[in-house]
2 protein chains.
Amino acid sequence: MTTDARRRGPYAKTAERRHQILDAALQVFAAHGYRAGSMREVARTADMSLSNLMHHFRTKEDLLLALLRRRDDDSPGQRTGTHDLVADILSQARWNQTKPDLIALYAVLSAESVTDGHPGRDYFIERFVTVRRGFEEEFGKLRDAGRLRPGVDPHMVAGCITALWDGIQLQWLLQPDQINVVAYLEAFLDLVTLPPDTAFIADPGC
Amino acid sequence: MTTDARRRGPYAKTAERRHQILDAALQVFAAHGYRAGSMREVARTADMSLSNLMHHFRTKEDLLLALLRRRDDDSPGQRTGTHDLVADILSQARWNQTKPDLIALYAVLSAESVTDGHPGRDYFIERFVTVRRGFEEEFGKLRDAGRLRPGVDPHMVAGCITALWDGIQLQWLLQPDQINVVAYLEAFLDLVTLPPDTAFIADPGC
């Protein structure tokens, strides 16, 4: 009850308003990119005045960074895990396909971030480092479980799958009916991993 | 001699001027993206008046498309070929590393092309279709020569390498000292191909 009361209070309103603004920013930046998307258009899309918007996000840069952080929080891959790397990757890829706006936003902003003085640059560098490191750890565990194809290096596979995933999602955004992201990721994972029973056969002493 | 005389004539001047403008457009679009880059800034960078620029390229859209077409003409992979797919890919990747501006331009524009009504969209769809088809043919030849790992599908590998290449170049643009594009491509190609001598052993009847 106390919690409910609190959630209806001014903090909840602020949080709700911020969410609303971020939804609008997602639409605007996914449609035009960050540089060409304006605060004025975000305000219009969120159905509020520019000054009201700027009360919540002082600059377009603040808005961008909040939006990128929310993307990470929303993604199911960060929250749950079946402890099966291959299944987790494919399930995240399936979820992404239900969010073309979000994936477009990510594709546009990550590429735009290489341009001069882009405020998202540090975020994306950090993000790629973290994602690659996470995959390297996970593929390392697969190798230790005898499920990585012999000679496959977890470090290299981590970079490859991060890159492949971004690249194939871009092709899917352009041709959603032609490109099956999950099938490409699966084909790649088939190349680098061994099925569980093969791993068992490969190490019969266990 | 006749050719030389012609090249000094008005057509040559126009061609030279267009090249100069495209060089400027490359700088501007690679630094800011297409949407946020302005014709005025391209003119300033090319050291000419806006009306003079617009005499050569009537719209920013014309300029973008001419720039994308020139990128394809300039790339050595389109011109030469050692008839060794793996060597060709790695040599093109090495050449790309000497042209970070061009690669940034391509990364930014291809991602931006997924946004609403972007004039580069058809170009990039067409380009991805062509690139994938080209790779599929080449990997098909490798398979016929017994140099593709058994079970590897040329169609899937074609999509994977196209995606991986774009994705890893983006990571390289953000961290040029950390990401070795050639090494990642090589690791992937090692996964899908067999070395020539293995192929010979695998098919001793030939």
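Residues numbered from 1 in each chain as written. Chains lettered and ligands numbered in written order. Predicted model: local features only at pLDDT ≥ 70, side-chain atom pairs only at ≥ 80, totals over all residues. Heavy atoms only, no water.

Quick notes on the pattern of salt bridges
Under the definition given, this model contains six salt bridges over all chains. The salt bridge involving arginine 70 of chain A is made with aspartate 23 of chain A; its shortest N-O contact spans 2.9 Å. Here aspartate 23 of chain A lies in helix H2 (residues 10-32) and arginine 70 of chain A lies in helix H5 (residues 60-74), a separation of 47 residues in the sequence. On the accessibility criterion, arginine 70 of chain A (10% relative accessible area) is buried. On the basis of relative accessible area, aspartate 23 of chain A is assigned to the partly exposed category, the value being 41%. The shortest N-O distance in the salt bridge between glutamate 138 of chain B and lysine 141 of chain B comes to 3.3 Å. Of this pair, glutamate 138 of chain B and lysine 141 of chain B are both found in helix H8 (residues 121-144), three residues apart, which corresponds to roughly one turn of the helix. (Salt bridge = Lys/Arg side-chain N within 4 Å of Asp/Glu carboxyl O. Helix = DSSP H or I, 4+ residues; strand = E, 2+ residues; numbered from the N terminus. Buried < 20%, exposed > 50% of the residue type's maximum accessible area, 1.4 Å probe, protein only.)

Observations concerning the environment of leucine 194 of chain A
Residue and element names in this part refer to chain A. Within the secondary structure, leucine 194 is located in the loop between helix H10 (181-192) and helix H11 (196-202). Judged by relative accessible area, which is 13%, leucine 194 ranks as buried. Taking the C-alpha atoms as reference points, leucine 194 and arginine 143, separated by 51 residues in sequence, lie 9.6 Å from one another. With near-sequence residues (within four places) excluded, leucine 194 lies in contact with Gly146, Arg147, Leu148, Arg149 and Pro150. (Contact = heavy atoms within 4.5 Å.)

Observations concerning the packing of aromatic side chains
Any two aromatic rings considered together are summarised by their centre-to-centre distance and by the angle between their planes. Tallied over the full model, the rule gives 11 aromatic pairs over all chains. Ring geometry for phenylalanine 135 of chain B against phenylalanine 139 of chain B: centres 6.2 Å apart, planes inclined by 40 degrees, an arrangement best described as tilted. Residue phenylalanine 135 of chain B and its partner phenylalanine 139 of chain B are both found in helix H8; the two are separated by four residues, about one turn of the helix. By relative accessible area, phenylalanine 135 of chain B is classed as buried at 11%. Taken together, the ring pairs in this structure connect Tyr106, Tyr123 and Phe124 of chain A into an aromatic cluster. (Phe/Tyr/Trp six-rings, centres within 6.5 Å; stacked < 30°, edge-to-face > 60°.)

Focus: the confidence of the model for chain A
All names here are of chain A. On average, residues of chain A score 87 in pLDDT, and 87% of them reach the 70 mark or higher. For chain A, the element scoring lowest by mean pLDDT is helix H1 (residues 2-8), at 53; helix H9 (residues 154-174) scores highest, at 98. Here residues 200-206 is modelled with pLDDT under 50, and outside its nearest four sequence neighbours on either side it reaches zero contacts, counting other chains as well. (pLDDT = per-residue confidence, 0-100.)

So, the relation of the copies chain B and chain A
Of the transformation placing chain B onto chain A, the axial shift is 0.0 Å and the rotation is 180 degrees, giving an RMSD of 0.0 Å. Such values leave the two copies arranged in the relation of a two-fold axis. By C-alpha distance to the rotation axis, the residue of chain B lying nearest is leucine 164 of chain B, at 1.9 Å. (Least-squares fit on C-alpha atoms with pLDDT ≥ 70 in both.)

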